[in-house]
Amino acid sequence: MKKVLVAILVLICLQSQAQKIQEQLYYHSAKGISFIPPLSRPGLVYEGKLFVGKKKLNALFNKLNDEQLNTYFKKYKANKTTADILTFTGAVALPLTNIFIAANDGKVNWWLIATSGLLSGVGGFLNVQAQKNLLFAAAYYDKKMGYTAHNFVPKQQSITIAIPLGK
């Protein structure tokens with residue numbers, strides 16, 4: 001039971017760290033590449049066109065043909081692919097396995113639940129790391145091109161919902 005609690009605490013720490021990093025992920029440049037924070041997927045805006053997804057981003061980085069930008073993109077793809085695999089395994093595969101085990105044995109496998117949560121948390125953290133690589137690529141390109149308007153916005157505006165628990 002102690003190991004399950006430790007795993008849950010690690011998951012909570014990873015999620016809170018990922019949220020703090022994600023709040024700082026925004027970069028805008030009027031002339032170069034702008035990083036768009038993800039609603040569903042991160043993207044870049046270049047010359048008025050939005051590039052979202054691995055195929056379109058790959059086309060953009062091939063068009064720009066810069067070694068450092070390609071390095072950032074390779075890191076993005078590696079983190080994103082790993083994050084997608086871990087998130088799928090943690091959010092879908094292990095819970096389904098747990099359902100089948102519980103149906104056969106009549107017991108809930110807490111190890112699978114803890115592992116599921118941990119994999120989902122690590123996947124979320126790697127997604128944020130992937131997004132940071134796109135942010136660094138946008139900042140690098142603008143610095144290389146000599147655009148001085150480096151506007152890092154520390155926090156985004158967010159919409160929150162409050163649910164009152166009492167009168």
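Above this text you will find the structure in question.
Throughout what follows, the structure given in this document is the object of discussion. Predicted model only: the values in this text are computed from it and were never measured.

### Focus: the nonpolar core
Ranked by size, the top nonpolar core spans 19 residues in total, and within it Ile 33, Leu 44, Tyr 46, Leu 57, Phe 61, Leu 64 and Leu 134 carry the most contacts. Of all the secondary-structure elements, those providing two or more residues to this core are strand 2 (33-36), strand 3 (43-46), helix 2 (54-64), helix 3 (67-105) and helix 4 (110-145). Per-element tally for this core: the top contributor is helix 4, with six residues.

### A closer look at helix 4
Its 36 residues give helix 4 an end-to-end C-alpha distance of 53 Å, which sits within 8% of 52 Å, the value for a rise of 1.5 Å per residue. One side-chain oxygen of the residue at the start of helix 4 lies 3.0 Å from the amide nitrogen of Trp 111, identifying that residue as Asn 109. One or two positions beyond helix 4, positive phi appears at Gly 146, with a value near 85°.

### Section: the environment of Thr 89
Turning to its location among the elements, Thr 89 is positioned in helix 3. Separated by 28 residues in the primary sequence, Thr 89 and Gly 117 place their C-alpha atoms 9.9 Å from one another. When near neighbours in sequence (up to four residues on either side) are disregarded, Thr 89 contacts Leu 94, Pro 95 and Leu 119.

Quick notes on the rules
- Residues numbered from 1 in each chain as written.
- Predicted model: local features only at pLDDT ≥ 70, side-chain atom pairs only at ≥ 80, totals over all residues.
- Heavy atoms only, no water.
- Core = buried A, V, L, I, M, F, W, Y, C linked by side-chain atoms within 4.5 Å.
- Buried < 20%, exposed > 50% of the residue type's maximum accessible area, 1.4 Å probe, protein only.
- Helix = DSSP H or I, 4+ residues; strand = E, 2+ residues; numbered from the N terminus.
- Expected span 1.5 Å × (residues − 1).
- Polar contact = N/O pair within 3.5 Å; in protein donor to acceptor, adjacent residues only side chain to side chain.
- Contact = heavy atoms within 4.5 Å.

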